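# Secondary and tertiary structure notes
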Amino acid sequence: MEEQPLGRGQKVLRLGAIGLVVAGIAAGFAWVGGWLTPGRLTQARVIDGFEAANGRHAGFRRNHAKGVCATGWFDSSGAGQRFSKATLLAPGRVPVVARFAFAGGMPFIADAPGLVRSLAIQFKPVQGEEWRTAMIDIPLFPFADVDAFYAQMVAATPDPATGKPDPRKMKAFAAAHPDFVAAGAVIGKRATSSGFANSTYNGLNTFLFVDRDGRQVPVRWSAVAVQPFAPAGAQDRADRNYLFDGLIADAARQPLQWKMVATIGDAGDAVSPNVAWPDARQRVELGTVTLDRLASEDGGSCTDINFDPTVLPSGITTSADAIPSARSAAYARSFLLRERERAAKPPSAVTETEVRQGGKS
Ligand code: HEM
(Lines give C-alpha, C1' and ligand atoms only; values in the text may rest on other atoms or scores of the structure.)
Protein backbone atom coordinates (compact mmCIF):
# COMPACT_ATOMS: atom_id res chain seq x y z
CA MET A 1 0.00 0.00 0.00
CA GLU A 2 1.28 3.46 -0.92
CA GLU A 3 2.22 5.68 2.04
CA GLN A 4 0.02 8.75 2.47
CA PRO A 5 1.54 12.03 3.69
CA LEU A 6 0.62 12.71 7.35
CA GLY A 7 -2.16 15.16 8.05
CA ARG A 8 -1.46 18.06 10.47
CA GLY A 9 -3.39 16.35 13.30
CA GLN A 10 -1.51 13.09 12.85
CA LYS A 11 1.82 14.97 12.81
CA VAL A 12 0.99 16.70 16.10
CA LEU A 13 -0.03 13.34 17.65
CA ARG A 14 3.16 11.62 16.49
CA LEU A 15 5.41 14.47 17.71
CA GLY A 16 3.50 14.38 21.01
CA ALA A 17 4.18 10.63 21.34
CA ILE A 18 7.91 11.15 20.62
CA GLY A 19 7.95 13.97 23.18
CA LEU A 20 6.37 11.66 25.78
CA VAL A 21 8.97 8.94 25.12
CA VAL A 22 11.83 11.46 25.47
CA ALA A 23 10.31 12.89 28.66
CA GLY A 24 9.92 9.35 30.01
CA ILE A 25 13.58 8.54 29.35
CA ALA A 26 14.69 11.85 30.94
CA ALA A 27 12.49 11.15 33.98
CA GLY A 28 14.09 7.69 34.23
CA PHE A 29 17.55 9.24 34.35
CA ALA A 30 16.38 11.85 36.85
CA TRP A 31 14.95 9.10 39.05
CA VAL A 32 18.18 7.09 38.88
CA GLY A 33 20.15 10.27 39.65
CA GLY A 34 17.93 10.99 42.64
CA TRP A 35 16.86 14.43 41.32
CA LEU A 36 13.16 13.70 41.76
CA THR A 37 13.59 12.44 45.32
CA PRO A 38 15.98 14.79 47.08
CA GLY A 39 15.84 12.69 50.28
CA ARG A 40 17.04 9.54 48.48
CA LEU A 41 20.54 8.27 49.12
CA THR A 42 22.49 8.55 45.87
CA GLN A 43 26.15 7.97 45.12
CA ALA A 44 26.68 11.76 44.96
CA ARG A 45 25.10 12.26 48.41
CA VAL A 46 27.22 9.50 49.90
CA ILE A 47 30.39 11.08 48.48
CA ASP A 48 29.29 14.56 49.63
CA GLY A 49 28.91 12.95 53.08
CA PHE A 50 32.49 11.67 53.00
CA GLU A 51 33.71 15.16 52.01
CA ALA A 52 31.72 16.83 54.79
CA ALA A 53 33.14 14.39 57.35
CA ASN A 54 36.77 14.44 56.19
CA GLY A 55 37.25 17.62 54.18
CA ARG A 56 37.83 17.74 50.43
CA HIS A 57 41.19 16.35 49.37
CA ALA A 58 41.65 16.77 45.63
CA GLY A 59 42.86 13.68 43.81
CA PHE A 60 42.52 11.27 46.74
CA ARG A 61 40.09 8.42 47.37
CA ARG A 62 37.09 9.73 49.32
CA ASN A 63 37.45 6.80 51.72
CA HIS A 64 40.58 4.79 52.52
CA ALA A 65 42.50 7.88 51.44
CA LYS A 66 45.95 7.13 52.93
CA GLY A 67 47.57 4.13 51.29
CA VAL A 68 50.37 2.44 49.35
CA CYS A 69 50.40 0.10 46.35
CA ALA A 70 51.81 -3.43 46.20
CA THR A 71 52.25 -6.05 43.49
CA GLY A 72 52.78 -9.80 43.47
CA TRP A 73 50.90 -12.95 42.57
CA PHE A 74 48.27 -15.47 43.69
CA ASP A 75 49.04 -19.19 43.70
CA SER A 76 45.68 -20.91 43.45
CA SER A 77 45.46 -24.28 45.24
CA GLY A 78 42.55 -25.42 43.08
CA ALA A 79 40.48 -26.23 46.19
CA GLY A 80 37.95 -23.51 45.33
CA GLN A 81 36.97 -25.30 42.11
CA ARG A 82 34.68 -27.60 44.06
CA PHE A 83 32.40 -24.61 44.68
CA SER A 84 33.16 -22.15 41.89
CA LYS A 85 33.85 -22.43 38.18
CA ALA A 86 35.98 -19.23 38.23
CA THR A 87 39.00 -20.00 36.08
CA LEU A 88 41.35 -18.12 38.40
CA LEU A 89 40.51 -20.68 41.11
CA ALA A 90 41.98 -23.51 39.00
CA PRO A 91 45.53 -24.46 40.06
CA GLY A 92 48.00 -21.90 38.74
CA ARG A 93 49.52 -18.46 39.21
CA VAL A 94 47.73 -15.13 38.67
CA PRO A 95 49.35 -11.64 38.88
CA VAL A 96 47.85 -9.29 41.50
CA VAL A 97 47.87 -5.55 42.19
CA ALA A 98 47.03 -4.59 45.79
CA ARG A 99 46.64 -1.57 48.01
CA PHE A 100 47.05 -1.18 51.77
CA ALA A 101 45.23 1.72 53.41
CA PHE A 102 43.45 3.10 56.46
CA ALA A 103 39.68 3.47 56.41
CA GLY A 104 38.63 7.12 56.46
CA GLY A 105 38.88 9.98 54.05
CA MET A 106 41.94 11.78 55.47
CA PRO A 107 45.02 11.23 53.26
CA PHE A 108 47.49 12.73 55.77
CA ILE A 109 46.17 11.26 59.02
CA ALA A 110 48.91 10.14 61.46
CA ASP A 111 49.21 6.34 61.69
CA ALA A 112 47.61 4.92 64.82
CA PRO A 113 47.03 1.32 65.98
CA GLY A 114 43.24 1.64 66.28
CA LEU A 115 42.63 2.89 62.72
CA VAL A 116 40.89 0.28 60.56
CA ARG A 117 43.41 -1.20 58.10
CA SER A 118 42.55 -2.44 54.64
CA LEU A 119 43.86 -4.61 51.86
CA ALA A 120 42.35 -4.41 48.38
CA ILE A 121 43.37 -6.90 45.71
CA GLN A 122 42.87 -7.08 41.95
CA PHE A 123 43.45 -10.64 40.69
CA LYS A 124 44.33 -10.17 37.06
CA PRO A 125 44.74 -13.34 35.00
CA VAL A 126 46.73 -12.76 31.81
CA GLN A 127 43.80 -14.29 29.94
CA GLY A 128 40.53 -14.47 31.80
CA GLU A 129 38.23 -12.52 34.04
CA GLU A 130 39.33 -10.34 36.95
CA TRP A 131 38.33 -10.54 40.59
CA ARG A 132 38.52 -7.38 42.69
CA THR A 133 38.01 -7.36 46.43
CA ALA A 134 38.43 -4.73 49.14
CA MET A 135 38.81 -6.12 52.67
CA ILE A 136 39.25 -4.63 56.16
CA ASP A 137 40.77 -5.89 59.41
CA ILE A 138 37.59 -5.91 61.50
CA PRO A 139 35.46 -9.03 62.00
CA LEU A 140 32.08 -7.39 61.21
CA PHE A 141 30.79 -4.33 59.34
CA PRO A 142 28.78 -2.47 61.99
CA PHE A 143 25.90 -1.52 59.64
CA ALA A 144 23.08 -3.57 58.18
CA ASP A 145 22.70 -1.29 55.18
CA VAL A 146 24.08 1.79 53.45
CA ASP A 147 21.42 4.07 54.96
CA ALA A 148 22.70 3.26 58.46
CA PHE A 149 26.32 3.69 57.29
CA TYR A 150 25.47 7.13 55.86
CA ALA A 151 23.40 8.20 58.88
CA GLN A 152 26.29 7.36 61.21
CA MET A 153 28.73 9.27 58.99
CA VAL A 154 26.45 12.33 59.14
CA ALA A 155 26.06 11.99 62.94
CA ALA A 156 29.84 11.77 63.36
CA THR A 157 30.62 14.73 61.07
CA PRO A 158 32.44 17.42 63.09
CA ASP A 159 30.28 20.37 64.14
CA PRO A 160 31.89 23.50 62.58
CA ALA A 161 31.47 25.35 65.91
CA THR A 162 33.52 22.87 67.98
CA GLY A 163 35.49 20.95 65.34
CA LYS A 164 34.19 17.75 66.98
CA PRO A 165 31.20 15.46 66.40
CA ASP A 166 28.10 16.44 68.36
CA PRO A 167 27.79 13.80 71.14
CA ARG A 168 23.98 14.18 71.15
CA LYS A 169 23.77 13.19 67.48
CA MET A 170 26.10 10.23 68.07
CA LYS A 171 23.98 9.08 71.04
CA ALA A 172 20.76 9.45 69.08
CA PHE A 173 22.22 7.31 66.26
CA ALA A 174 23.34 4.62 68.71
CA ALA A 175 19.94 4.61 70.44
CA ALA A 176 18.18 4.08 67.11
CA HIS A 177 20.64 1.34 65.99
CA PRO A 178 21.14 -1.27 68.75
CA ASP A 179 22.72 -3.59 66.13
CA PHE A 180 25.45 -0.95 65.63
CA VAL A 181 26.18 -0.96 69.37
CA ALA A 182 26.26 -4.78 69.48
CA ALA A 183 28.62 -5.04 66.47
CA GLY A 184 30.77 -2.25 67.96
CA ALA A 185 31.24 -4.32 71.12
CA VAL A 186 32.50 -7.30 69.05
CA ILE A 187 34.79 -5.07 66.95
CA GLY A 188 36.14 -3.35 70.08
CA LYS A 189 37.35 -6.71 71.42
CA ARG A 190 39.48 -7.52 68.39
CA ALA A 191 43.19 -8.03 69.02
CA THR A 192 45.05 -5.40 67.02
CA SER A 193 48.28 -6.63 65.45
CA SER A 194 51.60 -4.76 65.31
CA GLY A 195 51.37 -3.91 61.63
CA PHE A 196 49.80 -4.23 58.20
CA ALA A 197 51.86 -7.35 57.44
CA ASN A 198 50.46 -9.49 60.25
CA SER A 199 46.85 -8.28 59.96
CA THR A 200 44.08 -10.48 58.62
CA TYR A 201 41.64 -8.75 56.26
CA ASN A 202 37.97 -9.73 55.81
CA GLY A 203 35.72 -9.13 52.81
CA LEU A 204 32.65 -9.19 55.14
CA ASN A 205 29.99 -9.01 52.42
CA THR A 206 28.26 -12.19 51.34
CA PHE A 207 28.74 -13.34 47.73
CA LEU A 208 27.82 -16.57 45.93
CA PHE A 209 30.16 -19.18 44.47
CA VAL A 210 28.62 -20.82 41.39
CA ASP A 211 29.90 -24.21 40.18
CA ARG A 212 29.87 -25.73 36.68
CA ASP A 213 26.40 -27.19 37.24
CA GLY A 214 24.98 -23.84 38.33
CA ARG A 215 24.84 -24.78 42.04
CA GLN A 216 25.25 -21.75 44.31
CA VAL A 217 26.61 -21.47 47.84
CA PRO A 218 26.92 -18.32 49.98
CA VAL A 219 30.54 -17.32 50.62
CA ARG A 220 32.56 -14.78 52.58
CA TRP A 221 36.33 -14.52 52.26
CA SER A 222 39.39 -13.35 54.13
CA ALA A 223 43.10 -12.81 53.51
CA VAL A 224 44.65 -14.51 56.54
CA ALA A 225 48.17 -13.30 57.38
CA VAL A 226 50.95 -15.90 57.17
CA GLN A 227 53.23 -13.50 59.09
CA PRO A 228 52.82 -14.43 62.76
CA PHE A 229 50.57 -12.28 64.93
CA ALA A 230 52.22 -9.90 67.40
CA PRO A 231 50.14 -7.43 69.38
CA ALA A 232 50.33 -3.70 68.69
CA GLY A 233 53.12 -2.56 70.97
CA ALA A 234 55.42 0.26 71.82
CA GLN A 235 56.46 1.24 68.30
CA ASP A 236 57.91 4.66 67.59
CA ARG A 237 54.65 6.45 67.09
CA ALA A 238 56.37 9.84 66.70
CA ASP A 239 56.73 8.91 63.02
CA ARG A 240 53.42 9.85 61.38
CA ASN A 241 53.80 6.96 58.90
CA TYR A 242 55.18 4.36 61.33
CA LEU A 243 52.74 1.60 60.32
CA PHE A 244 53.33 2.16 56.59
CA ASP A 245 57.09 2.40 57.18
CA GLY A 246 56.91 -0.89 59.11
CA LEU A 247 55.12 -2.50 56.16
CA ILE A 248 57.73 -1.19 53.70
CA ALA A 249 60.55 -2.53 55.91
CA ASP A 250 58.80 -5.92 56.34
CA ALA A 251 58.33 -6.30 52.56
CA ALA A 252 62.00 -5.34 51.94
CA ARG A 253 63.10 -8.21 54.24
CA GLN A 254 60.99 -10.91 52.59
CA PRO A 255 57.88 -11.27 50.41
CA LEU A 256 54.68 -11.04 52.47
CA GLN A 257 51.96 -13.69 52.25
CA TRP A 258 48.27 -14.11 52.96
CA LYS A 259 46.13 -17.26 52.60
CA MET A 260 42.88 -16.53 50.74
CA VAL A 261 40.28 -18.42 52.77
CA ALA A 262 36.64 -18.84 51.70
CA THR A 263 34.02 -19.55 54.35
CA ILE A 264 31.13 -21.50 52.87
CA GLY A 265 27.76 -20.52 54.34
CA ASP A 266 24.52 -22.44 54.74
CA ALA A 267 21.55 -21.40 52.64
CA GLY A 268 19.86 -19.84 55.70
CA ASP A 269 22.86 -17.81 56.90
CA ALA A 270 22.43 -14.04 57.20
CA VAL A 271 23.78 -12.11 54.23
CA SER A 272 24.12 -8.85 56.11
CA PRO A 273 27.78 -8.09 56.99
CA ASN A 274 26.90 -7.04 60.54
CA VAL A 275 25.89 -10.62 61.44
CA ALA A 276 28.68 -13.19 61.97
CA TRP A 277 28.32 -16.77 60.71
CA PRO A 278 28.67 -19.70 63.13
CA ASP A 279 32.31 -20.74 63.70
CA ALA A 280 31.51 -24.28 62.49
CA ARG A 281 31.17 -23.21 58.84
CA GLN A 282 33.52 -24.92 56.40
CA ARG A 283 36.67 -23.01 55.42
CA VAL A 284 38.42 -23.62 52.10
CA GLU A 285 41.96 -22.42 51.40
CA LEU A 286 41.78 -21.00 47.89
CA GLY A 287 45.51 -20.26 47.64
CA THR A 288 48.23 -17.84 48.71
CA VAL A 289 48.74 -14.20 47.82
CA THR A 290 52.40 -13.10 47.83
CA LEU A 291 53.28 -9.40 47.71
CA ASP A 292 56.94 -8.69 47.06
CA ARG A 293 57.00 -5.08 45.89
CA LEU A 294 55.59 -1.91 47.39
CA ALA A 295 55.22 1.45 45.63
CA SER A 296 53.91 4.87 46.56
CA GLU A 297 50.48 5.73 45.25
CA ASP A 298 52.26 8.47 43.30
CA GLY A 299 52.88 6.51 40.14
CA GLY A 300 51.98 3.14 41.69
CA SER A 301 49.86 0.66 39.75
CA CYS A 302 46.99 0.63 42.29
CA THR A 303 46.21 4.33 41.98
CA ASP A 304 44.08 4.09 38.86
CA ILE A 305 42.21 1.00 40.01
CA ASN A 306 38.71 1.21 41.40
CA PHE A 307 38.53 -1.81 43.74
CA ASP A 308 34.82 -2.16 43.03
CA PRO A 309 33.61 -5.27 44.92
CA THR A 310 31.17 -6.18 42.15
CA VAL A 311 33.93 -6.78 39.58
CA LEU A 312 33.74 -10.57 39.77
CA PRO A 313 34.64 -13.41 37.41
CA SER A 314 32.03 -15.84 36.14
CA GLY A 315 31.73 -18.33 39.03
CA ILE A 316 31.48 -15.64 41.72
CA THR A 317 28.42 -13.39 41.90
CA THR A 318 26.65 -10.95 44.22
CA SER A 319 24.05 -12.26 46.68
CA ALA A 320 20.97 -10.76 48.36
CA ASP A 321 23.42 -8.58 50.34
CA ALA A 322 22.63 -5.15 48.83
CA ILE A 323 25.73 -3.39 50.15
CA PRO A 324 28.18 -4.34 47.35
CA SER A 325 26.06 -2.67 44.67
CA ALA A 326 25.82 0.51 46.77
CA ARG A 327 29.58 0.33 47.32
CA SER A 328 30.06 -0.03 43.58
CA ALA A 329 28.10 3.18 42.90
CA ALA A 330 29.99 5.15 45.59
CA TYR A 331 33.41 3.86 44.48
CA ALA A 332 32.63 4.89 40.89
CA ARG A 333 31.80 8.45 41.99
CA SER A 334 34.96 8.66 44.13
CA PHE A 335 37.00 7.30 41.21
CA LEU A 336 35.49 9.81 38.76
CA LEU A 337 36.24 12.77 41.04
CA ARG A 338 39.77 11.74 41.93
CA GLU A 339 40.71 11.03 38.31
CA ARG A 340 39.30 14.41 37.25
CA GLU A 341 41.29 16.17 39.97
CA ARG A 342 44.51 14.37 39.20
CA ALA A 343 46.43 17.55 38.19
CA ALA A 344 45.58 19.21 41.53
CA LYS A 345 46.63 16.25 43.71
CA PRO A 346 49.53 16.91 46.11
CA PRO A 347 52.03 14.07 46.74
CA SER A 348 50.67 11.22 48.88
CA ALA A 349 51.70 10.91 52.55
CA VAL A 350 53.89 7.89 51.77
CA THR A 351 56.14 9.08 48.95
CA GLU A 352 58.15 7.11 46.43
CA THR A 353 61.39 8.27 48.17
CA GLU A 354 60.10 6.85 51.46
CA VAL A 355 59.35 3.51 49.81
CA ARG A 356 62.76 3.43 48.09
CA GLN A 357 64.54 4.20 51.34
CA GLY A 358 62.92 1.17 52.95
CA GLY A 359 60.42 3.08 55.07
CA LYS A 360 62.60 5.89 56.40
CA SER A 361 61.05 9.28 55.76
C1 HEM B 1 31.59 -4.48 53.99
C2 HEM B 1 31.73 -3.17 53.95
C3 HEM B 1 32.92 -2.46 53.33
C4 HEM B 1 34.21 -2.87 53.17
C5 HEM B 1 34.82 -4.21 53.55
C6 HEM B 1 34.92 -1.78 52.49
C7 HEM B 1 36.25 -1.80 52.15
C8 HEM B 1 36.91 -0.81 51.44
C9 HEM B 1 38.31 -0.83 51.11
C10 HEM B 1 39.29 -1.91 51.49
C11 HEM B 1 38.58 0.29 50.38
C12 HEM B 1 39.93 0.73 49.84
C13 HEM B 1 40.12 0.26 48.42
C14 HEM B 1 41.44 0.81 47.93
O15 HEM B 1 42.46 0.61 48.60
O16 HEM B 1 41.40 1.43 46.85
C17 HEM B 1 37.35 1.03 50.26
C18 HEM B 1 37.24 2.22 49.58
C19 HEM B 1 36.10 2.93 49.54
N20 HEM B 1 34.91 2.65 50.21
FE21 HEM B 1 34.48 0.92 51.18
N22 HEM B 1 34.05 -0.76 52.25
C23 HEM B 1 32.83 -1.12 52.77
C24 HEM B 1 31.69 -0.38 52.74
C25 HEM B 1 31.57 0.83 52.15
C26 HEM B 1 30.36 1.56 52.07
C27 HEM B 1 29.00 1.12 52.63
C28 HEM B 1 30.64 2.71 51.36
C29 HEM B 1 29.69 3.79 50.96
C30 HEM B 1 28.55 3.55 50.38
C31 HEM B 1 32.04 2.70 51.03
C32 HEM B 1 32.71 3.67 50.33
C33 HEM B 1 34.02 3.62 49.89
C34 HEM B 1 34.64 4.58 48.99
C35 HEM B 1 33.99 5.84 48.41
C36 HEM B 1 35.95 4.15 48.77
C37 HEM B 1 37.00 4.81 47.84
C38 HEM B 1 36.89 4.18 46.44
C39 HEM B 1 37.92 4.73 45.44
O40 HEM B 1 38.06 5.96 45.28
O41 HEM B 1 38.57 3.90 44.75
N42 HEM B 1 32.58 1.54 51.52
N43 HEM B 1 36.35 0.33 50.91
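The structure we're discussing is the one just above.
Description of the structure in this document. Sequence order as written defines the numbering, with residues in each chain counted from 1. In keeping with the predicted nature of the model, local features appear solely for residues at pLDDT of at least 70, side-chain atom pairs appear and are counted solely at 80 or more, and the whole-chain, interface and lining totals rest on all residues. Side-chain figures throughout are based on the complete set of non-hydrogen atoms in the structure, without hydrogens or water.

### Some words on the overall build of the protein chain
Formally: Secondary structure counts use DSSP, requiring at least four H or I residues in a row for a helix and at least two E residues in a row for a strand, with both numbered from the N terminus. We call a residue buried when its accessible area falls under 20% of the maximum for its residue type, exposed when it is over 50%, and partly exposed in between, using a 1.4 Å probe and counting protein chains only. Throughout, a contact is declared for two residues whenever any of their heavy atoms are within 4.5 Å. The accessible surface values rely on the Shrake-Rupley method and a 1.4 Å probe; as for residues, cover is taken only from the protein chains in view.
A tally of helices and strands in the protein chain yields eight helices and 10 strands. Evaluated residue by residue, the protein chain yields a buried proportion of 45% over its 361 residues. Considering only contacts within the protein chain whose residues lie at least 6 apart along the sequence, 75% involve residues at least 24 apart. Carbon and sulfur atoms make up 59% of the accessible area of the protein chain, which amounts to about 18,100 Å² in all.

### Regarding the pairing of strand β7 (residues 216–225)
Our working rule: When DSSP finds two or more bridges between a pair of strands, those strands are recorded as paired.
Counting buried residues along β7, seven of its 10 residues qualify, which places the element largely inside the surrounding structure. In the sheet, strand β5 (residues 201–202) pairs with β7 via two bridges, with the strands oriented antiparallel. By the bridge assignment for β7, Y201 is matched with A223. With four bridges joining them, strand β6 (residues 207–210) and β7 adopt antiparallel strand pairing. Residue V210 lies in a different strand from β7, and its bridge partner there is Q216. Joining the antiparallel neighbours β6 and β7 is a turn of five residues, in which G214 adopts a positive phi near 85 degrees.

### Details of the packing of aromatic side chains
Any two aromatic rings considered together are summarised by their centre-to-centre distance and by the angle between their planes. Quick reminder of the rule: What counts as a ring pair is set by centres within 6.5 Å for rings of Phe, Tyr and Trp (its six-membered ring), and what kind of pair is set by the plane angle: stacked under 30 degrees, edge-to-face over 60, tilted for all other angles.
Taken as a whole, this structure holds 20 aromatic pairs when the rule is applied. Measuring from centroid to centroid gives 5.4 Å for F143 and F180, while their planes differ by 20 degrees, and the two rings are stacked. Pair noted here: F143 is in the loop between β4 (131–136) and α3 (146–155) and F180 is in helix α5 (residues 178–188), with a separation of 37 residues, a long-range link. A residue is classified by how much of its surface remains accessible, and F143, at 6% relative accessible area, is buried. Seen in terms of ring centroids, F173 and F180 are 5.1 Å apart; in terms of plane orientation they differ by 80 degrees. Their pairing is edge-to-face.

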